[in-house]
Amino acid sequence: MDLACRAERVDGVTLVTLQVTNDDGATRRVRVENRLDGPVWYPRSGGVAVPGWDADGYTGVLDAGERRPLGYATPAPTGDPPATIEASDPVEDGRTVPEAVLAELGDPRPPAD
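Residues numbered from 1 in each chain as written. Predicted model: local features only at pLDDT ≥ 70, side-chain atom pairs only at ≥ 80, totals over all residues. Heavy atoms only, no water.

**Student:** Can you help me understand the overall build of the chain in this one?
**Tutor:** Each helix and strand in the chain was counted, giving one helix and eight strands. When the helices and strands of the chain are listed from N to C terminus, the series reads β-β-β-β-β-β-β-β-α. The buried share among the 113 residues of the chain stands at 29%. If you take every contact in the chain between residues at least 6 apart in sequence, the share linking residues at least 24 apart comes to 72%. (Helix = DSSP H or I, 4+ residues; strand = E, 2+ residues; numbered from the N terminus. Buried < 20%, exposed > 50% of the residue type's maximum accessible area, 1.4 Å probe, protein only. Contact = heavy atoms within 4.5 Å.)

Structure below.
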């Protein structure tokens, strides 16, 4: 696994951009964690956290050769490195059940009407 990171401070907020690359020949589960001294303000869609994100970082499955762009914000000042790969484990079937299920679920909010 390879992780490219960049952090930029804008108006009191640090914006962290990441690119995770699975340079292995097999599907792998990766854990990327924030190393800055502050909370992770992870991306949301429709007010709901994007699957894979939690208070400390991101966990996801990358196929062999796959690259995944990621990003988050934090009130913490920049540091080097802003994030690191904490775990990278092989995955036998390519996807875990919770990730596959979450990817297929729609918006959990009830309809407006």
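**Student:** Is there a simple way to think about the packing of aromatic side chains in this case?
**Tutor:** Aromatic ring pairs are defined here through the distance separating the ring centres and the angle between the ring planes. Applying the stated rule across the entire model yields two aromatic pairs. When the ring of Trp53 is compared with that of Tyr58, the centres are 5.4 Å apart and the planes differ by 55°; the resulting orientation is tilted. Here Trp53 and Tyr58 have matching classes, each one buried. Put simply, the rings of Trp53, Tyr58 and Tyr72 touch in pairs and so form one group of aromatic residues. (Phe/Tyr/Trp six-rings, centres within 6.5 Å; stacked < 30°, edge-to-face > 60°.)

**Student:** Can you help me understand the sheet that holds strand E7 (residues 67-74) in this one?
**Tutor:** Hydrogen bonds between backbone groups are what pair the strands of a sheet, and the pairing can be parallel or antiparallel. An order of E1-E2-E7 is seen for the three strands of this open sheet, with the pairing classed as antiparallel. Looking at strand neighbours, the two that pair on one side only are strand E1 (2-10) and E7, the edges of this open sheet. The sheet shows a mean angle of 15° between the axes of neighbouring strands, direction not considered. Pairing between E1 and strand E2 (residues 13-21): nine bridges, direction antiparallel. Paired with Arg9 across the two strands is Thr14, which belongs to E2. (Pairing = 2+ DSSP bridges. Axes fitted to C-alpha atoms, helices over the stretch in contact; angles between N-to-C directions.)

**Student:** How do you make sense of the pairing of strand E3 (residues 28-34) when you look at a structure like this?
**Tutor:** Working note: regular strand, side chains alternate between the two faces of the sheet. In terms of burial, E3 is largely enclosed, as five of its seven residues are buried. Where E3 and strand E6 (residues 57-62) come together, six bridges link them in antiparallel fashion. Directly across from Arg28, in E6, lies its bridge partner Leu62. Note that E3 and strand E8 (residues 83-90) share seven bridges and pair antiparallel. For Arg29, the partnering residue across the bridge sits in E8 and is Asp89.

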